[in-house]
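Structure at a glance
Letter by letter, the chains look like this.
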Amino acid sequence: MEQKERESWGSRIGFIMAAAGSAIGLGNIWRFPYLTGMNGGGAFIVIYLACVFFIGLSIMLAELTVGRRTHLAAVGAYKTNSKSWTFAGVLGVLSGFMIMGFYPVVGGWSMAYIVKSFTGLLSNPAAVGDAFGAFIGDPIQPLIWTVLYMLINVYIVARGVTKGIETAGKILMPMLFGLLIIIIIKGLTLPGSSAGLSFLFVPDWSVVNGNTFLAALGQAFFSLSLGMGCMITYGSYLNKQEKLPQNALIVVTMDTCAAILAGLALFPALFAFGLEPTAGPGLVFVVAPQIFAGMGGFGMIFSAFFFLALMIAALTSSVSLLEVVVAYLMDERKLSRKSAVYGTSVVMLILCVLSSLSLGVMSKATVLGVGAFDFFDILTDKIFLAIGGMLLAIFAGWFLKKEDLRDELTNGGTLKFGLFEAWYIMIKYVIPVLIGIVAFVGITSIAQKGLMIFGLLVIVVLAAFSKKL
Ligand code: PHE
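Residues numbered from 1 in each chain as written. Predicted model: local features only at pLDDT ≥ 70, side-chain atom pairs only at ≥ 80, totals over all residues. Heavy atoms only, no water.

Some words on the site of the ligand
Selection criterion: Near, as used in this document, describes a residue that has one of its heavy atoms within 4 Å of the molecule or strand being considered. N or O atoms within 3.5 Å of each other form a polar contact, as long as, within protein, one can give a hydrogen and the other can take it, and as long as residues adjacent in sequence are counted only when both atoms are side-chain atoms. All accessible-area figures derive from a Shrake-Rupley calculation using a 1.4 Å probe, and residue coverage is judged against the displayed protein chains alone. Detection works on a 1 Å grid of protein atoms alone, calling trapped sets that fit a 1.4 Å probe cavities and calling open sets with protein on both sides within 12 Å along at least five of seven lines pockets, with lining residues defined by an atom within 4 Å of a point. Throughout, a molecule is located in a cavity or pocket provided that more than half of its atoms lie within 2 Å of its grid points. Here a strand is any run of E in DSSP of at least two residues, a helix any run of H or I of at least four, and the numbering for each starts at the N terminus.
Among the 14 residues in the neighbourhood of the ligand, the closest are listed as Ala23, Gly27, Tyr103, Phe222 and Ser225. A distance of 2.7 Å is found between a nitrogen atom of the ligand and a backbone nitrogen or oxygen belonging to Phe222. Burial of the ligand by the surrounding chains reaches 100%, relative to a free accessible area of 320 Å². Here the ligand occupies the largest cavity. The set of elements that each furnish at least two residues to the shell around the ligand consists of α1 (12-23), α2 (26-38), α11 (210-223) and α15 (299-333).

Laid out in structure tokens, this is it:
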């Protein structure tokens with residue numbers, strides 16, 4: 001059989017846009033603000049930033065390095081080294097699958113809210129909360145939006161790496177930043193908005209416990225698209241001239257800015273209107289429309305643009321989630337791109353239907369104490385991603401040759417200030433130990449212990465059957 005040349009990024013900016021597009025998503029705009037709200041504000045942000053820059057950045061660099069070295073997607077990258085490691089890649093593919101079991105549901109909500117902005121959502125601010133509850137609990141409406149969202153997603157991925165993902169990223173990412181800035185300016189001009197700034201930037205350490213650390217670590221991995229082979233896959237499409245450390249730093253910084261901007265867009269206005277920061281997963285859908293409703297005639301337009309931005313950000317992320325699974329099926333199972341895309345999306349759509357229904361008619365159907373939506377969300381965010389990142393660090397630090405890593409990471413040169421050595425020590429010793437401690441402390445203090453133990457068992461079973469995967 002003729003070996004097809006591997007697709008690669010058309011340009012550097014194409015890669016940055018696509019990788020930042022993967023990182024910036026619902027994680028930044030939907031999840032980061034509500035986690036910040038629920039975990040007490042400033043203190044959570046400080047811990048989150050520490051996780052991002054001490055752990056996330058190093059792992060990002062490690063994923064890009066391993067991906068480009070092997071020129072293979074997650075599973076292949078581990079497997080060519082040793083079959084005992086195949087499981088770590090498969091765990092990533094599984095995480096991608098499971099995130100795609102709820103992510104398109106939330107993507108669908110934001111699509112729906114673009115339309116709802118014009119159809120009365122803002123006319124009764126006091127009813128926005130109830131309307132959101134009724135909407136996501138409805139057995140039909142959110143499903144229609146989820147399907148629509150999924151169709152767009154499939155269309156982009158089916159067109160292939162350079163054409164689909166790159167074009168989408170180039171057009172959509174700058175637009176998102178612009179929109180957030182407009183909303184921030186609007187919010188900061190409201191009277192009373194400064195309380196939101198102190199909530200975000202003045203840490204209250206009394207609210208911190210083991211859970212806060214696990215939530216921040218999980219969020220860092222989720223937001224940066226780490227711990228599941230996504231950046232390994234993207235790195236595998238990077239050409240040899242690109243400087244990996246610069247690329248990693250740019251992507252991490254952009255992602256972090258997006259999260260902080262989302263916080264700045266929501267909290268000052270939220271406090272100005274006297275709303276609750278602890279609203280939970282509905283926060284952006286409940287609070288944002290109320291903010292917009294208070295803006296008079298322009299509110300509708302701002303609201304529509306905001307949810308359009310949210311949907312766009314979500315799309316460039318879910319495209320990458322789908323890509324991890326698709327790349328695996330193409331590289332390892334020799335499927336064509338089209339059959340891989342269509343096959344996996346059907347399964348994902350079924351998971352999404354379960355997730356969506358678990359917020360309404362199927363709310364009584366729980367496994368290990370949680371419904372389908374929480375099952376996929378908590379399992380990936382609270383263990384699979386962090387353990388996935390830990391496995392990658394151990395793999396790179398202990399099973400790959402230091403000189404090979406140096407060669408790949410520095411493009412055959414050196415890094416200033418001993419930065420390579422510092423990175424290597426982080427990957428080999430510090431990060432595995434840190435993640436181990438945070439995971440242990442977090443799991444012992446989390447409410448869903450059964451689910452956590454189940455997750456760990458899944459990983460152990462995958463590891464035991466690694467050679468057969
Ligand atoms: N980083 C994305 C977000 O913040 C979600 C994601 C996780 C994408 C893992 C790819 C891999 O929304």
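Still more ground to cover, so stick around.
A look at α2
Selection rule: Each residue after the first adds 1.5 Å to the expected span of a helix. The bend reported for a residue corresponds to the angle between axes fitted to the seven residues ending at that residue and the seven starting there. Using a 1.4 Å probe on the protein chains alone, a residue whose accessible area is under 20% of its type maximum counts as buried, one over 50% counts as exposed, and one in between counts as partly exposed.
For α2, with 13 residues, the first-to-last C-alpha span of 17 Å sits near the 18 Å given by 1.5 Å per residue. The sharpest bend along α2 measures roughly 35 degrees and falls at Phe32, with the proline Pro33 sitting one to four residues further on. Listing the buried residues of α2 in full gives Leu26, Gly27, Asn28, Ile29, Trp30, Arg31, Phe32, Pro33, Tyr34, Leu35, Thr36 and Gly37. Once α2 ends, the next one or two residues include Gly40, with phi positive near 90 degrees.

Thoughts on empty space enclosed by the protein
Where empty space is left in the structure can be found by rolling a water-sized probe over the atoms. For the record, the criterion: Grid points are joined across faces, edges and corners, and a volume is the space filled by probe spheres set on the points. In this classification, Asp, Glu, Lys and Arg are treated as charged, Ala, Val, Leu, Ile, Met, Phe, Trp, Tyr, Cys and Pro as nonpolar, and every other residue, Gly included, as polar.
Applying the stated criterion across every chain yields a total of 4 cavities of 30 Å³ or more. There is about 120 Å³ of room inside the largest cavity. What lines the largest cavity is a set of 15 residues, and nearest its centre among them are Ser22, Phe222, Ser225, Ser317 and Leu321. At the level of secondary structure, the elements contributing two or more residues to the lining of the largest cavity comprise α1, α11 and α15. Here the lining of the largest cavity gets 3 residues from one element, more than from any other, and that element is α15. In the lining of the largest cavity, the residues fall into 8 nonpolar, 7 polar and no charged. Taken as a whole, the second largest cavity spans an internal volume of roughly 70 Å³. As for the second largest cavity, its lining consists of 13 residues, of which Tyr78, Ala88, Gly227, Met228 and Gly229 are closest to the centre. Elements supplying a minimum of two residues to the lining of the second largest cavity: α4 (74-79), α5 (86-99) and α17 (372-399). Counted by class, the lining of the second largest cavity contains 6 nonpolar, 6 polar and 1 charged residues.

Brief notes about the nonpolar core
What counts here: Among buried residues, the Ala, Val, Leu, Ile, Met, Phe, Trp, Tyr and Cys ones that are joined through side-chain atoms within 4.5 Å form a nonpolar core. We call two residues contacting when some pair of their heavy atoms lies within 4.5 Å.
Of all hydrophobic cores here, the largest spans 169 residues; its most connected members are Trp30, Trp109, Phe221, Phe285, Phe306 and Trp423. When residues in this core are grouped by element, the largest group, 18 residues, is from α15. For Trp423, the contacting residues outside a window of four places in its chain are Ser58, Leu61, Ala62, Leu405 and Leu409.

Regarding unusual backbone geometry
A positive phi angle, near 60 degrees, is found at Ser225, a position not held by glycine. If you trace the backbone, Ser225 turns up in the loop between α11 and α12 (230-236). Judged by its relative accessible area of 9%, Ser225 is buried. The backbone of Asn411 sits at a positive phi, close to 55 degrees, despite the residue not being glycine. Tracing the backbone through its elements, the reader meets Asn411 in the loop between α18 (402-409) and α19 (419-445). Asn411 gets classed as partly exposed once you look at its relative accessible area, which sits at 31%.

A closer look at the environment of Leu61
Mapped onto the elements of the fold, Leu61 is located in helix α3 (residues 42-70). Of the residues examined, Leu61 reaches a relative accessible area of 9% and is grouped as buried. Sequence-distant contacts of Leu61, that is, excluding residues within four places in its chain, are made with Leu244, Pro245, Ala248, Leu409 and Trp423.

Some points on the packing of α2 against helix α13 (residues 244-272)
To be explicit about the condition: An axis is simply a line fitted to the C-alpha atoms; with a helix, the fit covers only the stretch in contact. Between two such axes, the angle follows the N-to-C directions and lies from 0 to 180 degrees. The crossing is said to be left-handed when, going from far helix to near helix, the turn is anticlockwise and less than a right angle, and right-handed when the turn is clockwise.
Axis separation between α2 and α13 bottoms out at 9 Å; the angle between their running directions is 65 degrees. Crossing geometry of α2 relative to α13 is assigned as right-handed. Residues Asn28, Ile29, Phe32, Pro33, Thr36 and Gly37 of α2 pack against Asp255, Ala258, Ala259, Ile260, Ala262, Leu266 and Phe267 of α13. A breakdown of the residues in the contact of α2 with α13 according to their chemical character gives 9 nonpolar, 3 polar and 1 charged.

Some details on the side chain of Ser58
When you line up the elements, Ser58 lands in helix α3. Ser58 gets classed as buried once you look at its relative accessible area, which sits at 10%. Among all residues touching Ser58, those that are not within four sequence positions of it are Trp423, Met426, Ile427 and Ile431.

Side note on the packing of aromatic side chains
For clarity, the threshold we go by: Between 30 and 60 degrees the pair is tilted, below 30 it is stacked and above 60 it is edge-to-face, where a pair is any two Phe, Tyr or Trp rings, Trp via its six-membered ring, whose centres lie within 6.5 Å. A ring is considered to have a charge above it if a Lys NZ or an Arg CZ atom is located within 6 Å of its centre and within 35 degrees of its normal.
For the structure on display, the rule yields 29 aromatic pairs. On the basis of an interplanar angle of 15 degrees and a centroid distance of 6.4 Å, the ring pair of Phe44 and Tyr48 is categorised as stacked. With Phe44 and Tyr48 both in helix α3 and 4 residues apart, this pair spans about one turn of that helix. We note that Phe44, like Tyr48, is buried. Here a set of aromatic residues connected by ring pairs shows up, and it is made of Phe102, Trp109, Tyr113, Phe132, Phe135, Phe285, Phe292, Phe306, Phe307 and Phe373. Between the NZ or CZ atom of Arg31 and the centre of the ring of Phe222, over which it lies, the distance is 4.2 Å. The aromatic ring of Trp398 is capped on one face by Lys428, whose charged end is 4.5 Å from the ring centroid.

Some details on the confidence of the model for the protein
Low pLDDT marks stretches whose predicted atomic positions should not be read closely. Quick reminder of the rule: Confidence of the prediction at every residue is given by pLDDT, a number between 0 and 100.
Looking at the protein as a whole, its pLDDT mean stands at 89, while 96% of the residues score no less than 70. Within the protein, no element has a lower average pLDDT than helix α9 (residues 161-188), which sits at 73, and none a higher one than helix α6 (residues 103-116), at 96.

A few points about a nonpolar patch on the surface
The line we're drawing: For patch building, the residue pool is restricted to those with more than 30% relative accessible area and no salt bridge; the joining distance is 9 Å between like charges and 5 Å between nonpolar side chains (Val, Leu, Ile, Met, Phe, Trp, Tyr). The term salt bridge refers to a side-chain nitrogen of Lys or Arg lying within 4 Å of a carboxyl oxygen of Asp or Glu.
Taken together, the side chains of Trp398, Phe399, Ile425, Tyr429, Val430 and Leu434 make up a nonpolar region of the molecular surface, amounting to roughly 570 Å² of accessible area. Those elements that provide at least two residues to the nonpolar patch are α17 and α19. For the nonpolar patch, the element with the most residues is α19, which contributes 4 residues. Position of Phe399 relative to the elements: it lies in helix α17.

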